[in-house]
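# Summary of structural features
Letter by letter, the chains look like this.
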Amino acid sequence: MIYTKKVEDMCKVHQDVHHGCAPIPEEAKWVQAKEVKDISGFTHGIGWCAPQQGCCKLSLNVKEGIIQEALVETIGCSGMTQSAAMAGEILPGLTVLEALNTDLVCDAINTAMRELFLQIVYGRSQSAFSEGGLAIGAGLEDLGKGFRSQVGTIYGTLDKGPRYLEMTDGYITDLGLDADDNIIGYKFVNFGKMMDFIKAGDDANTALEKAKGQYGRFDDAVKVIDPRKQ
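Overview of the structure. Everything numeric in this text was worked out from a predicted model, so none of it was measured. (Residues numbered from 1 in each chain as written. Predicted model: local features only at pLDDT ≥ 70, side-chain atom pairs only at ≥ 80, totals over all residues. Heavy atoms only, no water.)

## Description of the pairing of strand β4 (residues 55-63)
Pairing of strand β3 (residues 41-48) with β4, which is carried by eight bridges, proceeds in the antiparallel orientation. From the neighbouring strand, W48 faces β4, where its bridge partner is C55. The turn joining β3 and β4, which pair antiparallel and follow one another in sequence, is formed by six residues; a positive phi near 55° is taken by Q52. The turn linking β4 back onto strand β5 (residues 66-75) is made up of two residues, and E64 within it adopts a positive phi angle of 50°. (Pairing = 2+ DSSP bridges. Helix = DSSP H or I, 4+ residues; strand = E, 2+ residues; numbered from the N terminus.)

## Remarks on helix α6 (residues 191-199)
With a side-chain oxygen lying 3.1 Å from the backbone nitrogen of G192, the N-terminal cap of α6 falls on N190. Immediately beyond the C-terminal end of α6, within one or two residues, lies G201, with a positive phi of roughly 120°. (Polar contact = N/O pair within 3.5 Å; in protein donor to acceptor, adjacent residues only side chain to side chain.)

## Some details on the nonpolar core
In this structure, L58, L60, V72, L91, I109 and M113 are the most contacted members of the largest nonpolar core, which totals 25 residues. At the level of secondary structure, the elements contributing two or more residues to this core comprise β4, β5, α2 (78-90), α3 (96-100) and α4 (107-121). Counting residues per element, this core draws most heavily on α4, which supplies seven residues. Excluding its chain neighbours within four sequence positions, the residues that come into contact with I109 are C56, L58, V72, S83, A84, A87 and L104. Among the nonpolar cores identified, the runner-up in size contains six residues, and I172, L175, Y186 and I225 belong to it. (Core = buried A, V, L, I, M, F, W, Y, C linked by side-chain atoms within 4.5 Å. Buried < 20%, exposed > 50% of the residue type's maximum accessible area, 1.4 Å probe, protein only. Contact = heavy atoms within 4.5 Å.)

## Here we look at the packing of aromatic side chains
Tallied over the entire structure, the rule returns five aromatic pairs. Between Y164 and Y186, the aromatic rings sit 6.1 Å apart at their centres with planes inclined by 75°, giving edge-to-face as the arrangement. Note that Y164 is positioned in strand β7 (residues 161-167) and Y186 in strand β9 (residues 183-189), a separation of 22 residues in sequence. Within the aromatic cluster, the residues linked to one another by ring pairs are Y164, Y186, F188 and Y215. The ring of F197 carries K210 above its face, with NZ or CZ at 4.5 Å from the centroid. One residue, R228, lies across the ring of Y171, its end atom 3.7 Å from the ring centre. (Phe/Tyr/Trp six-rings, centres within 6.5 Å; stacked < 30°, edge-to-face > 60°. Lys NZ or Arg CZ within 6 Å of the ring centre and 35° of its normal.)

## Remarks on the side chain of S83
Its location among the elements puts S83 in helix α2. Take S83: its relative accessible area is 10%, and that puts it in the buried class. Ignoring anything within four residues of it in the chain, the contact list for S83 reads L104, V105, C106 and I109.

## Comments concerning the sheet that holds β5
Strand order in this open sheet of three strands is β3-β4-β5, and the pairing throughout is antiparallel. The two strands at the open ends of the sheet, each matched to only one other strand, are β3 and β5. On average, each strand axis in the sheet is tilted by 15° relative to the strand beside it, whichever way the strands run. This element, α2, spans β4 and β5 of the sheet and lies at about 175° to β5. In the packing of α4 onto the sheet, contacts are made with β3, β4 and β5, and the angle to β3 comes to roughly 140°. (Axes fitted to C-alpha atoms, helices over the stretch in contact; angles between N-to-C directions.)

## A word on the environment of T153
Tracing the backbone through its elements, the reader meets T153 in strand β6 (residues 153-157). Looking at T153, the relative accessible area reads 32%, which means it is partly exposed. Counting along the chain gives 65 residues from T153 to G88, while the straight-line C-alpha distance between them is 24 Å. With near-sequence residues (within four places) excluded, T153 lies in contact with R163, Y164, L165 and E166.

## Regarding the pattern of salt bridges
A complete count under the given rule lists twelve salt bridges for this structure. A salt bridge links R114 to E115; the shortest N-O distance between them is 2.7 Å. Residue classification places R114 among the partly exposed positions, given a relative accessible area of 40%. In this structure, the salt-bridge partner of D181 is K223, at a minimum N-O distance of 3.3 Å. Of this pair, D181 sits in the loop between β8 (170-177) and β9 while K223 sits in strand β11 (residues 223-225), and the two are 42 residues apart along the sequence. (Salt bridge = Lys/Arg side-chain N within 4 Å of Asp/Glu carboxyl O.)

See the structure below:
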């Protein structure tokens, strides 16, 4: 350790009251986090790339400093999906500090890791007050039964108005309009369910019909349009 001459010539003054770092809530316990292994929690973070053409939602389940589970969801950039595949292989097994300083391939994923790190080391995790935390697999359960990300894709113009293309329900096939051309409902296909039906032995047409649904007052529509063609 190198000290400047100015500091070397100073007299020593005792540091008095010091109670250590403030405890943070972790899995229903108050923890004074002094080392990486003191960090536990399940939480989410959102990141974006420099040109802001895509974003990432990252979910991590950390136990005693080690990432046990990672869910990487990306949208808006074709290259991000490959980056997410690599990050999904890289993250489990790393400490949160290693993950913060590891190239996770995509700027958006790196930024998500930074934001998530800030949450978890300050005790702002989703499982802060859950006794024992969340089980490994909680990230997968966030996707629901169809194991697909919650995606909303809406397009609109001033002249022609909005077009619902995809919602959490699924891929939008038809929009129902009232007499004033207001959207009052829609029909959709849940691709997750459709693939489950196909894997269970149904042919594609049967699976498609079984995976269809509708939302809102679609039955009251006076006009039905295809949002991708009309």
